[in-house]
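# Structural overview for review
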Amino acid sequence: MSSLSRELVFLILQFLDEEKFKETVHKLEQESGFFFNMKYFEDEVHNGNWDEVEKYLSGFTKVDDNRYSMKIFFEIRKQKYLEALDKHDRSKAVDILVKDLKVFATFNEELFKEITQLLTLENFRENEQLSKYGDTKSARAIMLVELKKLIEANPLFRDKLQFPNLKNSRLRTLINQSLNWQHQLCKNPRPNPDIKTLFVDHSCGQPNGARAPSPANNPLLGSLPKAGGFPNLGAHGPFQPTPAPVPTPLAGWMSNPSTVTHPAVSGGAIGLGAPSIPAALKHPRTPPTNPSVDYPSGDSDHVSKRTRPMGISDEVNLPVNVLPVTFPGHGHGQAFNATDDLPKNVARTLNQGSSPMSMDFHPIQQTLLLVGTNVGDIALWEVGSRERLVLRNFKVWDLSVCSMPLQAALVKDPGVSVNRVIWSPDGSLFGVAYSRHIVQIYSYHGNEDVRQHLEIDAHVGGVNDIAFSHPNKQLCVITCGDDKTIKVWDAATGAKQYTFEGHEAPVYSVCPHYKENIQFIFSTALDGKIKAWLYDNLGSRVDYDAPGRWCTTMAYSADGTRLFSCGTSKDGESFIVEWNESEGAVKRTYQGFRKRSLGVVQFDTTKNRFLAAGDDFSIKFWDMDNVQLLVTIDADGGLPASPRIRFNKDGSLLAISANDNGIKILSNTDGIRLLRTFENLSYDASRASESVAKPTINPISAAAAAATSAGLADRGASVVAIAGMNGDARNLGDVKPRIMEESNDKSKILKLTEINEPSQCRSLRLPENLRVTKISRLIYTNSGNAVLALASNAIHLLWKWQRSDRNSSGKATASLSPNLWQPPSGILMTNDIADTNPEDSVPCFALSKNDSYVMSASGGKISLFNMMTFKTMTTFMPPPPAATFLAFHPQDNNIIAIGMDDSTIQIYNVRVDEVKSKLKGHSKRITGLAFSHVLNVLVSSGADAQLCVWNSEGWEKQKARILQLPTGRTPAQSDTRVQFHQDQMHFLVVHETQLAIYETTKLECVKQWVSRESAPISHATFSCDSLLVYACFLDGTVCVFNAANLRLRCRINPSAYLPANVSSSSVQPLVIAAHPQEPNQFAIGLSDGGVHVFEPLESEGKWGVLPPVENGSASSVPATPSVGASGSDQAQR
């Protein structure tokens, strides 16, 4: 249905309501599914009209659409069942149990059994969890509170809970306007037209030659209101240039704010007890408020009611696990403690020497902490090794170019404090904002190499905040200060680009962001005003009051979908709130602050799930979806009243300021593992520099190879990459490794690990499915608890591991067999195959970030599947051409890059059903696509052995290069795959003849391994921490390489995993996938339809040993590689 048709339904609903057609109104609401009347729903629930309640709900959702819907129906049916038991109507209770509640037994059999056992009790209140059940009226009221929360959180009710703001009798007004227009078109208009029907166009019957007045005041139709003028949105009156349209994220802030607050939502497990689920058991997040996204349902029939274009959001929490089925008091292995993910344990204590004012972890090397202090010092700490790499005292670099006010201020009082330190997005720069006029920008080149880059006399008075941003495709620095302005500077040259004026008090903080391709900046001032600015000179788009109306900072969740602010008033009252961006209103206010905070409270966010703030000599944590305090920790004491805090990127470490100039580093389990990776690491500048050839790569990339993931387990491999942090830029693997654990066993170092027997590793063949022949595509879910395969016959297979005593994490493992999972409906996820033979097509798929959706094609249309129900949500783009590769945009899940078999790449917006760009640069089909969210580029590869780099904002082609193929090895049509390294600066290229590492900005090959005498490579992938490369070959072998230098580390021969009666010439590995959290786990898909999961023996913990050191160098590959450079490796293969 078109948007105008949808609006017509709303007009009809208004008309029916005004005319008192009450039953018809609600019938149309239900049948259209456009507006959910919460008041009507509440009345029906209070009255116990359960059949009507479910019937009305059925117009908007079905039981198995998602976890929210399931819990809504469960709570209603449970209440109906308990009321029957309360009336001692056993036969009705049994009928409800069999007809209504049995559907939930599929998801939690134990729960269903316990509900059934209530029939045996004289009074169900004898059950401990139902002991507080009151009378029917109060029970319905309590349930209704929970139902309202679930409905508000359910993405299927998105934009359906608010009726449009219409003037009275809007439909009558439109009809009046139509009749007025028809009357003006009459050839013989009469002065007083008599309009008696709307079934045909109006026409005056008798000519009289005079122009008649319009029938605007015809009593039949009511009065026609005067047309209102459109409000002028210009910043400075009617003669200013017309400003750009206000972006959706800001639009609501310009209207009157809503005072409605939305309570936190429990989208948790269905359970027997009261609807409220404790915070510790609650994992799902409330979907973000984004009115521009239409969330698809899992029901294809329901989808057909909507407009054709639909959006995809990773915030719709529809996990592969369907439901974390558990309820309070019953341990089924599914519940977990939310606080386990928080860094709560003191792992490091550092002495800075002066009081820390601001801290920031490096975005890539996540144990590198930047600190600014109250005396103007800046320091760089490697918190893993407890080493302070850099300490710089405050100093003006060039006093002669400073303004006279700054020079005078420094003479009067030379004391300067750091107000803020921050890294640039790629970690190559960091900025320091001082309490006196200036900002200093340093460039970082690894280890201790920090260089002066820019010094800017930015503001009169203090510079209160600094941030980096990427407007107009170039890196900028944003500052704000006591002079009531915000300024934007070119990060390369220091040239001023914009000055934003409009605040009436010193500007305290800035928060740049982008949404829907709109770049903007939020700013807060000491009078409590929040303003928003686009990168133009047309003034603020927002004027709003922050809670507390004094010192406020703003921050988005890591995925950019949720906006929070933290503020302290002059009286010491502190607030953390979540904002509804579309309305400019406070969505929820978090509770738990000291009544009068001692100082200005700082806060931070992590994991798209937690908030933290320093208050009352402790650190306080909240779940983003629950206003109640989650946990408070004192970090073993010794904290100031309002500690400064900062998470690292993955949330495994938390830096907090302590008394006596200290810094405490808190960690969770992953953080401990990350710190231990660097615990014994010491930098050896002289030895590292000796092994360096010509430096050609930004060293930040070399640092990144040391791993940003908390899943690091291989210390030796980490050192190979991280040792290159010293001195100038250098190649990824050209640095001499510091071999630590293996140094005592020379024979072990020099020998390649060969695995020939099943007993030498852990391998598991996943349960068979006879419907498939060969595995064409393979991937782990992002949660790490399932493996998804696409077979050559267009069928998807999903294996899921369950939590158990033997597998408490529920993650994929080779030690325990998973289930081949299917939804209760028994349907399969099967791609459209059109008129093609799927065996001859090029299959492809892509998984959304939270595992809610998979987009897939097997030569026919592209299908979008709901991973929870396996239902086809929509299909699009029928061939020709057929899709051959799919990739989600990292920042916008509605944008998909689609590689085609006609050599083009189509940039497709799912929400508006439109191809935004068509990229042409290849000559054969597209075989690989990979996005870098740091560089904002898309890298493509094709069967033409060509690599192309495209700008992912304007989609211009930046560079192209033909793959270097060995002499005599020119396959006519061979797939080339690409995958980005964790540093987002380098990428892996996989071709049947070779593996290669490319630097993206120059598109230069920096490492290459050529399969000279071995079978062709069928597929390869980075491990999750990018320290290893797993590759499979058509002779059945699987090899493990060090990513830093592409040196062979371990080889798994077919005899280690194939039965003795199966020949490797008849069964080959075709695809390989790496576990998203376990660096030493991978899976392969075979040509016989089998899937195997591999892990090293628990006693070894990793694959093979470090490669041999040859002539003091970790690699025999020159800085500018030639084909077949690693000759010694070729012989081993």
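Here's what I pulled together on the structure shown here.

Reading the values: the criteria
- Counting starts from 1 at the beginning of each chain's written sequence and moves along it residue by residue.
- For this predicted model, a pLDDT threshold of at least 70 governs which residues receive local features, and a threshold of 80 or more governs which side-chain atom pairs are given and counted, while totals over whole chains, interfaces and linings are taken from all residues.
- Hydrogens and water molecules were not included; the side-chain quantities draw on all heavy atoms of the structure.
- Where helices and strands are cited, they refer to DSSP runs of H or I of at least four residues and of E of at least two residues respectively, numbered from the N terminus.
- For the exposure calls, accessible area comes from a 1.4 Å probe over protein chains only, and a residue counts as buried if that area is under 20% of its type's maximum, exposed if over 50%, partly exposed in between.
- Pairs of N or O atoms within 3.5 Å make up the polar contacts considered here, provided that, within protein, one atom can donate a hydrogen while the other can accept it, and that residues adjacent in sequence are counted only when both atoms are side-chain atoms.
- For two strands to pair, DSSP has to find at least two bridges joining them.
- Whenever a helix is involved, its axis is fitted only over the stretch in contact; in every case the axis is a line through C-alpha atoms, and angles between N-to-C directions fall within 0 to 180 degrees.
- As used in this record, nonpolar core signifies buried Ala, Val, Leu, Ile, Met, Phe, Trp, Tyr and Cys residues forming a set joined through side-chain atoms within 4.5 Å.
- Whether two residues are in contact is decided by their heavy atoms: any pair within 4.5 Å suffices.

## Quick look at the side chain of Gln1008
Residue placement: Gln1008 occurs in strand β50 (residues 1004–1010). Judged by its relative accessible area of 1%, Gln1008 falls in the buried class. Here Gln964 takes part through its backbone oxygen, which lies 3.4 Å from a polar atom of the side chain of Gln1008. A polar contact is formed between the side chain of Gln1008 and the side chain of Gln994, at a distance of 2.6 Å.

## Focus on the sheet that holds strand β38 (residues 872–876)
Taken in spatial order, the 4 strands line up as β35-β36-β37-β38 in an open sheet, and their pairing is antiparallel. If you trace the sheet from one side to the other, it starts and ends with β35 (844–847) and β38, each paired once. Taking each pair of neighbouring strands and ignoring which way they run, the sheet shows an average axis angle of 15 degrees. Summarising the sheet, β35 and strand β36 (residues 853–857) pair through 4 bridges and their orientation is antiparallel.

## Things to note about the nonpolar core
Ranked by internal contacts, the top residues of the largest apolar core, which has 44 residues, are Phe36, Phe41, Leu57, Ile76, Tyr81, Leu82 and Leu101. Secondary-structure elements contributing two or more residues to this core are α3 (38–46), α4 (50–57), α5 (67–86), α6 (90–101), α7 (109–117) and α8 (136–153). Examining the composition of this core, we find that 10 residues originate from one element, α5, more than from any other. Beyond its immediate chain neighbours, meaning those up to four positions away, Phe36 contacts Phe41, Tyr56, Leu57, Phe60, Ile151, Phe157, Lys160 and Leu161.

## A few points about the pairing of strand β10 (residues 463–469)
Side-chain positions along a regular strand alternate between the two faces of the sheet. Within β10, 7 of the 7 residues are buried, which leaves it mostly tucked inside the rest of the structure. Pairing between β10 and strand β11 (residues 476–481): 6 bridges, direction antiparallel. Note on β11: the bridge partner recorded for Phe468 is Val477. Between the end of β10 and the start of β11, which pair antiparallel, lie 6 residues, with Asn472 showing a positive phi angle near 55 degrees.

## Examining the sheet that holds strand β2 (residues 356–361)
The strand order across the open sheet formed by 4 strands is β2-β3-β4-β5, and the pairing between neighbours is antiparallel. The open sheet terminates on both sides in strands that have one partner only, identified here as β2 and β5 (387–392). Pairs of neighbouring strands in the sheet enclose a mean axial angle of 20 degrees, with direction left out of account. Pairing geometry for strand β3 (residues 368–373) and strand β4 (residues 378–382), over 5 bridges, is antiparallel. Within β4, the position partnered with Val371 by the bridge is Ala379.

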